[in-house]
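Listed below are the residues making up each chain.
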Amino acid sequence: MSIAKITEISAASTKSFEDAIREGVKRASKTIKHLKSVWVKEQEAVIGDNGELTEFRVIMKLTFVVED
């Protein structure tokens, strides 16, 4: 029987929401083994002084299998 655990993380990117997700998963995979899925819970964008989007932020839940 496998046991799964869920942890919540946040990540940001100056490029896009997709890049923030990819970078967050990439970073989490350095310390969390057996990652299986990601669920994006929230998205937020920061607007700079010039009216342009300057940062894309996500809050995600990562699911991973706990080793025996």
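Structure: above.
Read on for a plain summary of the structure. The residue numbers shown here count from 1 along each chain, following its written sequence. Note on the predicted model: pLDDT of at least 70 is required for a residue's local features to be given, and 80 or more for side-chain atom pairs to be given and counted; whole-chain, interface and lining totals, by contrast, use all residues. Values reported for side chains reflect all heavy atoms of the structure, with hydrogen atoms and water molecules removed beforehand.

**Overview of the packing of aromatic side chains**
The geometry of an aromatic ring pair is captured by two quantities: the separation of the ring centres and the angle between the planes. Working definition: rings of Phe, Tyr and Trp (its six-membered ring) pair if their centres are within 6.5 Å, and the pair is stacked with planes under 30 degrees apart, edge-to-face with planes over 60 apart, and tilted otherwise. The final tally for this structure, using the stated rule, is 1 aromatic pair. Here Phe17 and Phe56 contribute two aromatic rings whose centre-to-centre distance is 5.1 Å and whose plane-to-plane angle is 75 degrees, an arrangement assigned as edge-to-face. Here the residue Phe17 occupies a position in helix α1 (residues 17–28), and Phe56 occupies one in strand β3 (residues 53–66), the gap between them amounting to 39 residues. Per-residue accessibility, obtained with a 1.4 Å probe over protein chains only, is compared with the maximum for each type, and a residue is labelled buried under 20%, exposed over 50%, and partly exposed between these values. Given a relative accessible area of 24%, Phe17 falls into the partly exposed group. Secondary structure elements are defined from DSSP: runs of H or I of at least 4 residues count as helices, runs of E of at least 2 residues count as strands, and each element is numbered from the N terminus.

**Concerning the sheet that holds strand β1 (residues 3–13)**
In sheet architecture, strand pairing relies on hydrogen bonds along the backbone and comes in two forms, parallel and antiparallel. Strand pairing is assigned whenever DSSP detects at least two bridges linking the two strands. The antiparallel open sheet is built from 3 strands, whose spatial order is β1-β3-β2. Because the sheet does not close on itself, it has two edges, and the strands there are β1 and β2 (35–47). Taking each pair of neighbouring strands and ignoring which way they run, the sheet shows an average axis angle of 15 degrees. Judged from the 11 bridges that link them, β2 and β3 form a sheet pairing that is antiparallel. Among the inter-strand pairings, Glu42 is bridged to a residue of β3, identified as Ile59. In what follows, a contact means two residues having at least one pair of non-hydrogen atoms within 4.5 Å. Interaxial angles span 0 to 180 degrees and are taken between N-to-C directions of axes, which are lines fitted to C-alpha atoms, for helices over the stretch in contact. Sitting on the sheet, α1 touches β1, β2 and β3, and the angle it makes with β3 is about 40 degrees.

**Here we look at the environment of Ser2**
Inspection of the secondary structure puts Ser2 in the segment before β1. C-alpha separation for the pair Ser2 and Glu67, spaced 65 residues apart in sequence, amounts to 8.0 Å.

**Focus: the pattern of salt bridges**
For salt bridges, the criterion is a side-chain nitrogen of Lys or Arg within 4 Å of an Asp or Glu carboxyl oxygen. Across all of its chains, the model carries 4 salt bridges by this definition. A salt bridge links Glu18 to Arg22, with the nearest nitrogen and oxygen atoms 2.7 Å apart. Of this pair, Glu18 and Arg22 both sit in helix α1, 4 residues apart, which is roughly one turn of that helix. Since its relative accessible area comes to 47%, Glu18 is described here as partly exposed. Residue Arg57 pairs with Glu55 through a salt bridge whose shortest N-O separation is 2.8 Å. One network of salt bridges, with partners in common, ties together Glu44, Glu55 and Arg57.

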